[in-house]
Amino acid sequence: MNLFFEVLQLALGTRKELSRVPSARKWRRLCVESERQAIVGVLLDSLERSQEELELPLLLKLRWIGLVQVMKATYQIHCERAQELTKLLNEAGFKCCVLKGVGIAQYYPDPERRQCGDIDLWVDGNRKDIMAWLRSHYEVEHVEWHHIGVNCFEDVPVEVHVHPAWMYHPLYNARLQRWFSKQSGSSGGEGQFVVRDELGFAYPSSCFNAVYSLVHVFHHLVEEGVGMRHVVDFYYIVRKLRMENDEAKIGEVVDIIRRIGLYKFLGAMMWVLNYVCGMKEEELLCEPNEKEGRFLLDEIMLGGNFGQHRNDKLERNSVARLWMLLMHYPSEVLWVVPWKIWHWGWRLMA
């Protein structure tokens, strides 16, 4: 097996030891790959589990630890900013929760080791009211159908979501938005906006995150690329969902994923979780799809986090990329261009 996958499994606790001890050169390559995939903090766990056996070069180990210390400082800043925004929005009468970032980090054994990029807040309320409040307090940088880019802080980018995510296919999108509405709590759902006292902000349930994160990862696959950080996020979401031991919730998750046309993609993710992360088959949410899983894994290893390291012609939103994906997910990819044309018109009128 790929040594990178073995080190990842060691970090996740699904493997007890490596099949071989990496050379100093191999360790350097593993460190570079962990940076490409944005899981530097996760892989450090594997180094700490077997410090004496793995023979990591001292200078590389110090560099690795230094990267994680920077990551921890960033995490603390993100938490503080999320607390500030939550307090301000709640005082203004808006419920909100943190999507991804420091929200999903709470599923990790050590949240500080989950690399964060920006703060995504889902705000429950009327778009016009949300926009009016944001414009009165901050500089609005861009407006899209599902989110609003806001210049709140100098040190952390912020996106305020009116809709957590979307589907290109109009029927699938309608089904997804209805499910989000049900889950918001305003219609009697679980309630995603309960502020955790120990954190000072809210983050969604595992049931919600299982659907939301899969949709989010699929969009990255279509538009730019998927990294191993997305896979590790999903690993911890599924593990948390299984630990709750609620088959009704799991059934609901699989049902809505099937109804929005992403069941095949869910199978691909399950195969990657099993093959790369070492998750047991009985813990998976559905039957793994090896064909689509291998395709997804190739994309992950080729492009790294957000596909930033690709050196081919399949760049973000390119025709070549859509053509390649059309063979795998036609029902969604066929609606990408119509949706973008509609969205362009919507932005002109917004």
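Residues numbered from 1 in each chain as written. Predicted model: local features only at pLDDT ≥ 70, side-chain atom pairs only at ≥ 80, totals over all residues. Heavy atoms only, no water.

Peer 1: How should the packing of helix 9 (residues 206–223) against helix 14 (residues 319–326) be read in this particular structure?
Peer 2: Packed helices, taken two at a time, are described by the angle between their axes plus the distance between the axes. At a minimum axis distance of 8 Å, the contact between helix 9 and helix 14 shows a crossing angle of 125 degrees. Taken together, helix 9 and helix 14 sit at an angle that is classed as oblique. Across from H220, L221, V222 and E223 in helix 9, the residues of helix 14 making contact are R321, L322 and L325. Across the contact of helix 9 with helix 14, the residue classes tally to 4 nonpolar, 1 polar and 2 charged. (Axes fitted to C-alpha atoms, helices over the stretch in contact; angles between N-to-C directions. Helix = DSSP H or I, 4+ residues; strand = E, 2+ residues; numbered from the N terminus. Parallel < 35°, antiparallel > 145°, perpendicular 65-115°, else oblique. Contact = heavy atoms within 4.5 Å. Nonpolar A, V, L, I, M, F, W, Y, C, P; charged D, E, K, R; others polar.)

Peer 1: Where do I start with the confidence of the model for the chain in this structure?
Peer 2: When pLDDT is low, close inspection of the predicted coordinates is not appropriate. Overall, the prediction assigns the chain a mean pLDDT of 90, with 94% of residues at 70 or greater. Here helix 4 (residues 51–54) stands out as the element of the chain with the lowest mean pLDDT, 59, in contrast to helix 12 (residues 263–275), whose mean of 98 is the highest. (pLDDT = per-residue confidence, 0-100.)

Peer 1: I tried to follow the packing of helix 10 (residues 228–243) against helix 12 on my own but got confused; where do I start?
Peer 2: Contact pair helix 10 / helix 12: the axes reach a minimum separation of 10 Å and the direction vectors enclose 90 degrees. What the angle tells us is that helix 10 and helix 12 run roughly perpendicular. Contacts from H230, V231, F234, Y235 and V238 of helix 10 reach helix 12 at L266, M269, M270, V272 and L273. Looking at side-chain class alone, the contact of helix 10 with helix 12 contains 9 nonpolar, 1 polar and no charged residues.

Peer 1: When you look at the sheet that holds strand 5 (residues 158–161) in this model, what are you seeing that I'm missing?
Peer 2: Sheet strands associate in pairs through backbone hydrogen bonding, adopting either a parallel or an antiparallel arrangement. Strands sit in the order 1-2-5-4-3 across an open sheet of 5 strands; the sheet is mixed. At either end of the open sheet lies a strand with only one pairing partner, and these are strand 1 (95–99) and strand 3 (139–143). For this sheet, the mean angle separating the axes of adjacent strands, direction not counted, is 30 degrees. Bridge count between strand 3 and strand 4 (residues 147–151): 4 bridges; the pairing is antiparallel. Along strand 4, the bridge assignment pairs H142 with G149. The strands touched by helix 7 (residues 127–137) within the sheet are strand 2 (119–124), strand 3, strand 4 and strand 5, with strand 3 carrying the most contacts at an inclination of about 140 degrees. (Pairing = 2+ DSSP bridges.)

Peer 1: Just to check I follow, could you spell out a nonpolar patch on the surface for this structure?
Peer 2: On the surface, L58, L59 and L62 cluster together into a nonpolar patch covering about 360 Å² of accessible area. Counting through the fold element by element, L62 comes out in helix 5 (residues 58–91). (Patch = residues over 30% accessible without salt bridge, like charges linked within 9 Å, V, L, I, M, F, W, Y side chains within 5 Å. Areas by Shrake-Rupley, 256 points an atom, 1.4 Å probe, with all protein chains shown as cover. Salt bridge = Lys/Arg side-chain N within 4 Å of Asp/Glu carboxyl O.)

Peer 1: Looking at this structure, I do not really get the side chain of H147. What am I missing?
Peer 2: Looking at the element boundaries, H147 is found in strand 4. Classification of H147 by relative accessible area gives buried; the value is 7%. Here H142 takes part through its side chain, which lies 3.4 Å from a polar atom of the side chain of H147. A polar contact of 2.8 Å, which involves the side chain of H147, links it to the side chain of H146. Excluding residues within four positions of it along the chain, H147 makes contact with H142, E159, V160, H161 and V162. (Buried < 20%, exposed > 50% of the residue type's maximum accessible area, 1.4 Å probe, protein only. Polar contact = N/O pair within 3.5 Å; in protein donor to acceptor, adjacent residues only side chain to side chain.)

Peer 1: Honestly, the packing of aromatic side chains in this entry has me stumped. Any pointers?
Peer 2: How two aromatic rings sit relative to each other is given by the distance of their centres and the angle of their planes. The tally for this structure, following the rule as stated, stands at 24 aromatic pairs. An angle of 15 degrees between the planes, with centres 5.3 Å apart, marks the rings of W122 and F208 as stacked. Taken together, the residues span a long stretch of sequence, with W122 in strand 2 and F208 in helix 9 at a distance of 86 residues. The burial state of W122 is the same as that of F208; both residues are buried. Three or more aromatic residues joined by ring pairs form one cluster here, namely W122, W179, F180, F193, F208 and Y212. Against the face of F153 rests R81, its NZ or CZ located 4.9 Å from the ring centre. We note R294 situated over the ring of Y275; from NZ or CZ to the ring centre the distance is 5.6 Å. (Phe/Tyr/Trp six-rings, centres within 6.5 Å; stacked < 30°, edge-to-face > 60°. Lys NZ or Arg CZ within 6 Å of the ring centre and 35° of its normal.)

Peer 1: It is not clear to me how the nonpolar core should be interpreted in this structure. Could you clarify?
Peer 2: When a protein is soluble and globular, its nonpolar side chains tend to lie buried together. L8, W64, M228, F265, M270 and L273 are the most contacted members of the largest nonpolar core, which totals 127 residues. Of all the elements, helix 9 adds the most residues to this core, at 11 residues. Residues within four places of L273 in sequence aside, it is in contact with V231, F234, Y235, V238, G278, M279 and L284. (Core = buried A, V, L, I, M, F, W, Y, C linked by side-chain atoms within 4.5 Å.)

Peer 1: Even after reading the chapter, I still don't get unusual backbone geometry, so can you show me in this structure?
Peer 2: Even without being glycine, K100 reaches a positive phi, approximately 55 degrees. Examined against the element boundaries, K100 turns out to sit in the loop between strand 1 and helix 6 (101–104). For N245, which is not glycine, the phi dihedral falls at a positive 55 degrees. Checked against the element boundaries, N245 lands in the loop between helix 10 and helix 11 (247–259).

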